[in-house]
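# Remarks on the overall topology
So the chains spell out like this:
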Amino acid sequence: MSKQHQFDVLIIGTGSAGLMSALQLSKNLSIALIAKDQLLEGSSFYAQGGISAVLDAHDNFDAHVADTLSAACGLADKKAVSFMVENAPAAIASLEESGVNFTRSNQDYHLTTEGGHTHRRVAHVADKTGQSIQVNLLDNVKQYENITLFEEYIAIDLLIQKNQCHGAYILNKHTHQVESFVAHKTILATGGASKIYRYTSNPDTSTGDGIAMAKRAGCNIVNMEFAQFHPTCLYHPHAKSFLISEAIRGEGGQLHLENGEKFMHKYDGRGELAPRDIVARAIDSEMKSGGFDCVYLDISFKGKDWIKKHFPTIYAKCKDFGIDISKQSIPVVPAAHYTCGGINTDLNGKTDLTNLYAIGEVAHTGVHGANRMASNSLLECIVFAKSCARDINHQISNSNYIEFEPWDASRVEPSKEKVVITHLWDEVRSIMWNFVGIVRSDRRLNYANHRLEQIETEVNEYYSLYLISSDLIELRNLVKTAQIIIQSALFRDESRGLHFNEDHPSQSKNTKNTII
Ligand code: FAD
Ligand code: SIN
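For the structure given in this document, a descriptive report is provided here. (Residues numbered from 1 in each chain as written. Chains lettered and ligands numbered in written order. Predicted model: local features only at pLDDT ≥ 70, side-chain atom pairs only at ≥ 80, totals over all residues. Heavy atoms only, no water.)

Another point: the site of ligand 2. Close contacts around ligand 2 come from Gln48, Gly49, Glu114, His230, Leu243, Ser245, Glu246, Arg276, His337, Arg372, Ala374 and Ser375, and that covers them all. Separating an oxygen atom of ligand 2 from a side-chain N or O atom of His230 is a distance of 2.8 Å. Take Arg372: an N or O atom from its side chain is 2.8 Å from an oxygen atom of ligand 2. For ligand 2, the protein covers 92% of the area, taking 260 Å² as the surface of the free molecule. Here the shell around ligand 2 is composed, by residue class, of two nonpolar, six polar and four charged. (Near = heavy atom within 4 Å. Polar contact = N/O pair within 3.5 Å; in protein donor to acceptor, adjacent residues only side chain to side chain. Areas by Shrake-Rupley, 256 points an atom, 1.4 Å probe, with all protein chains shown as cover. Nonpolar A, V, L, I, M, F, W, Y, C, P; charged D, E, K, R; others polar.)

So, in structure tokens, the structure goes:
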């Protein structure tokens, strides 16, 4: 008989959104906090540039709102953006209370800048902001007895009855048994879906699980065509997904071709600090037209001491690969980085399903529109984790837990065909990179759609025959999320922000969200 757990709140995901929500929930509530990998693993840990907030006397909320709306190309919700921006200084204060020690210059925050920001407003901990946030939030979480941590437990599907969420079926990766976690409230904080692309800055956890689970449960998923490609990931055969922070360009870093020729001025007057969609497309265009494997980013003119002080992680990592960035330019390429769309929520993270919340990268709160501005993501995680917890604290009652049938594995057998899973993983990621990437066309999108339908049938058949595994759960979610991205991209017959289709190159007057 498989285990059944009962908690007031089930939080799936221990990134900055999941951890902050756990800390902000009432200490009278029993909370389960689940991670499918090690507790610190997830995009949050690797965040470099920082977290945006109006912290300087010369900056103001209106400017932060205006910059965010401008990057979002007409699709952000102004109310949601203002809510996030006005709560940003309090988000920074909450992180400091948990022990995050932001880099300072004398008494003031050292604020950096990135693409789209018209003021310096990015607070950071050198170039390891995410690591500092994660380590401090987790240390705090571990101090509370009402929070139980479950490491290496992967959620499969939500428990739904009468359009209400009551928790999730979760595979215990240690015992290979599926356990039921029944809860009054469930929070999805599972991060994004960038692993769906062959080349990505993201860790292995970003497989779109929360989006796929929510879709299967009946939630609306919004604006998934807006997959963000970060312009600069390290190009090296042995460097798996290492990001070269946009803050390097914020501090004056220049892009150039192998022969030293600079090119960003041809694409946008803001040069290297144009929003990400523009810089990524410019690099893609230079690489394709010139037949180059990469372009180069130069920060060497700042000198070794300055570079080691401001970007110690990037300096050390590049050095490991034989690149001394104080002497030579860094070879870089674009890679999938961030999922702007997600599960539709309100300002408290509430989804369309009763008792189900979504926060962080998995959610669509309306703050990013067609293109997220740099360093607004950690901010969204913290602000909406807090509002979600406040909402739950006001709502929890002592109602009974619903009984659910235990997971039934009586009709499946151990797989003898695991190669099918690895093959389909690779195929989905290649299709997405080649046909649903930085520049799209109707023909490529239709091809991808057709092949994904076949792959879905193959995966469903496998799922019905063989025992569940972590790889199979993720593949099923990758396929579902890929289909949502492709269908959203086919639906948008224009080019806007991160979605560029060469068959519909101009922007239409219609500013509708895509809802799947
Ligand atoms: P994550 O931190 O990705 O955490 C997801 C969690 O969900 C993990 O614990 C994972 O184990 C768990 N999970 C997923 N699926 C399941 C499942 N099925 N069952 C159980 N658990 C599951 N943003 C900024 O604002 N500033 C930056 O400087 C910045 N730099 C970045 C640098 C890099 C290299 C990357 C990859 C991203 C960066 N971003 C940055 C984006 C930002 O880090 C992320 O958007 C944000 O951290 C997402 O946080 P999250 O809590 O939503 O998800
Ligand atoms: C970076 O440091 O370039 C990443 C910032 C972000 O994704 O917001």
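Here the narrative resumes, following the displayed structure.
Close contact between helix α3 (residues 61-71) and helix α4 (residues 78-86) brings their axes to 9 Å; oriented N to C, the two are set at 135°. Between α3 and α4, the crossing angle belongs to the class labelled oblique. In the crossing of α3 with α4, the sense of the turn from one axis to the other is right-handed. Residues Phe61, His64, Val65, Thr68 and Leu69 of α3 form the contact with α4, whose own contacting residues are Lys78, Val81, Ser82, Val85 and Glu86. Of the residues in the contact of α3 with α4, the class split is five nonpolar, three polar and two charged. (Axes fitted to C-alpha atoms, helices over the stretch in contact; angles between N-to-C directions. Helix = DSSP H or I, 4+ residues; strand = E, 2+ residues; numbered from the N terminus. Parallel < 35°, antiparallel > 145°, perpendicular 65-115°, else oblique. Left-handed = near helix turned anticlockwise from the far one by under 90°. Contact = heavy atoms within 4.5 Å.)

The next point concerns the sheet that holds strand β12 (residues 227-234). Ordered by their spatial adjacency, four strands build an open sheet running β12-β15-β14-β13, and the pairing between neighbours is antiparallel. Lying at the two open borders of the sheet, with one neighbouring strand each, are β12 and β13 (254-256). Going across the sheet, the axis of each strand differs from the next one's by a mean of 45°, ignoring polarity. (Pairing = 2+ DSSP bridges.)

The next thing to look at is the side chain of Thr207. In this fold, Thr207 is placed in the loop between β10 (177-188) and α7 (209-217). For Thr207, the side chain forms a polar contact with the side chain of Lys36, separated by 2.7 Å. A polar contact is formed between the side chain of Thr207 and the side chain of Asp209, at a distance of 2.6 Å. Sequence-distant contacts of Thr207, defined by excluding residues within four places in its chain, comprise Lys36, Gly192, Ala193, Lys195, Trp425, Glu474, Asn477, Leu478 and Thr481.

Among the nine residues in α7, seven count as buried, and that is most of the element. Taken together, the buried positions of α7 are occupied by Asp209, Gly210, Ile211, Ala212, Met213, Ala214 and Ala217. The elements touched by buried residues of α7 are β8 (153-161), β10, β11 (221-222), β15 (330-339), β16 (342-344) and α15 (470-491). Just past α7, the residue Gly218 takes up positive phi, approximately 110°. (Buried < 20%, exposed > 50% of the residue type's maximum accessible area, 1.4 Å probe, protein only.)

Once that is clear, we can look at unusual backbone geometry. One non-glycine residue, Cys73, lies in the positive phi region at around 55°. With respect to the helices and strands, Cys73 occurs in the loop between α3 and α4. Even without glycine at this site, Asn106 takes up a positive phi of about 55°. Secondary-structure assignment places Asn106 in the loop between β4 (104-105) and β5 (108-109).

Looking only at α3, the buried set comprises Ala63, His64, Val65, Asp67, Thr68 and Ala71. On its buried face, α3 is in contact with β3 (51-52), α4 and α12 (377-393). Between the side-chain oxygen at the start of α3 and the backbone nitrogen of Asp62 there is a gap of 3.1 Å, and the oxygen is on Asn60. Just past α3, the residue Cys73 takes up positive phi, approximately 55°.

Leu10, Phe181, Leu188, Tyr197, Ile343 and Met432 are the most contacted members of the largest nonpolar core, which totals 71 residues. Ignoring anything within four residues of it in the chain, the contact list for Phe181 reads His5, Phe7, Leu10, Ala32, Ile34, Phe150, Tyr153, Leu159, His166, Gly167, Ala168 and Ile170. Ranked by size, the runner-up nonpolar core spans 53 residues in total, among them Ile11, Val65, Leu95 and Ile147. (Core = buried A, V, L, I, M, F, W, Y, C linked by side-chain atoms within 4.5 Å.)

Applying the stated criterion across every chain, the model contains 16 aromatic pairs. Taking the centre distance of 5.2 Å and the plane angle of 70° together, the rings of Tyr169 and Trp407 count as edge-to-face. In this pair, Tyr169 is assigned in strand β9 (residues 164-172) and Trp407 in the loop between α12 and α13 (418-435), connecting sequence segments 238 residues apart. On the numbers, 4.9 Å between centres and 80° between planes, the contact of Tyr199 with Trp433 is edge-to-face. Pair noted here: Tyr199 is in the loop between β10 and α7 and Trp433 is in helix α13, with a separation of 234 residues, a long-range link. Residue classification places Tyr199 among the partly exposed positions, given a relative accessible area of 46%. (Phe/Tyr/Trp six-rings, centres within 6.5 Å; stacked < 30°, edge-to-face > 60°.)

A separate point is the sheet that holds strand β18 (residues 363-364). The strand order across the open sheet built from three strands is β11-β16-β18, with neighbouring strands paired in mixed fashion. The sheet terminates laterally at β11 and β18, the two strands that pair on one side only. Where β16 and β18 come together, two bridges link them in parallel fashion. Bridging from a neighbouring strand, Ile343 pairs with Ala363 of β18.

Right, let's get into the site of ligand 1. Around ligand 1 sit 40 residues in total, of which Ser44, Gly50, Glu361, Ser377 and Leu378 are the nearest. Here Ala189 contributes a backbone N or O atom positioned 3.4 Å from an oxygen atom of ligand 1. One of the side-chain nitrogen or oxygen atoms of Glu361 is found 2.6 Å away from an oxygen atom of ligand 1. Looking at the shell around ligand 1, the elements that each hand over two or more residues are α1 (16-24), β2 (31-35), α2 (43-46), β8, β15 and α12. A breakdown of the residues in the shell around ligand 1 according to their chemical character gives 14 nonpolar, 20 polar and six charged.

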